[in-house]
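Below are the chains, spelled out letter by letter.
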Amino acid sequence: MNQPRVILASASPRRRELLTLVGIAHEVRPANVDEALPPGETPPGHAERLARAKASAFHTDDLLIIGSDTIVVTGTEVLGKP
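Not measured: the values here are computed from a predicted model.

Chemist: How should helix 2 (residues 43–56) be read in this particular structure?
Modeler: Since the α-helix advances by 3.6 residues per turn, residues separated by three or four positions end up pointing in the same direction. In this model helix 2 runs 20 Å from its N-terminal to its C-terminal C-alpha over 14 residues, within 8% of the 20 Å that 1.5 Å per residue would give. Listed in full, the buried residues belonging to helix 2 are P43, H46, A47, L50, A51 and K54. In a view along the axis of helix 2, the buried residues occupy a sector of 125°, so they form one face of it. Exposed side of helix 2, more than 90 degrees from the buried face: P44, R52 and S56 are the residues found there. Two to three positions downstream of the cap, the backbone nitrogen of G45 sits 3.0 Å from a side-chain oxygen, assigning the N-cap of helix 2 to T42.

Chemist: Is there a simple way to explain the sheet that holds strand 2 (residues 27–28) in this structure?
Modeler: Hydrogen bonds between backbone groups are what pair the strands of a sheet, and the pairing can be parallel or antiparallel. With parallel pairing, the three strands of this open sheet are ordered in space as 2-1-3. The open sheet has two edge strands with one neighbour each: strand 2 and strand 3 (63–66). Sheet analysis places strand 1 (residues 5–8) next to strand 2, joined by two bridges and oriented parallel. Of the residues in strand 2, the one forming a bridge with L8 is V28.

Conventions and cut-offs
For every chain, the first residue of the written sequence is number 1, and numbering continues from 1 along that sequence. Confidence filtering applies because this is a predicted model: local features only for residues at pLDDT of at least 70, side-chain atom pairs given and counted only at 80 or more, and all residues used for totals across whole chains, interfaces and linings. Neither water nor hydrogens contribute to the side-chain values; these are computed over all heavy atoms in the structure. Only DSSP runs of H or I with at least four residues qualify as helices, and only runs of E with at least two residues qualify as strands; both kinds are numbered from the N terminus onward. One fewer than the residue count of a helix, multiplied by 1.5 Å, yields its expected span. Relative accessibility decides the category of a residue: with a 1.4 Å probe and only protein chains considered, values under 20% of the type maximum give buried, values over 50% give exposed, and everything between is partly exposed. The directions from the helix axis to the C-beta atoms are what the arc is built from. Polar contact criterion, stated in full: a pair of N or O atoms within 3.5 Å, where within protein one must be able to donate a hydrogen and the other to accept it, and residues adjacent in sequence count only if both atoms are side-chain atoms. Here, any two strands with at least 2 DSSP bridges between them count as paired.

Don't take any of this as a statement about function, it's just geometry.
So, in structure tokens, the structure goes:
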């Protein structure tokens, strides 16, 4: 059985490093996603929406897409990228 091509839809150097450390061959293709926080969106909802949007940017049946996002939160306020 052929292994699917793995696409990391993130520019995170740490995520690249982690995939390499566990032996997963991958290609980095950062997704162009608007990361603005809509009014009323919760921090967990914000992170999940961004991760899904990044993964969905490359939807195709022959690729395994990894979409993820990191946010910094204090209380209920999203501060943005770490």
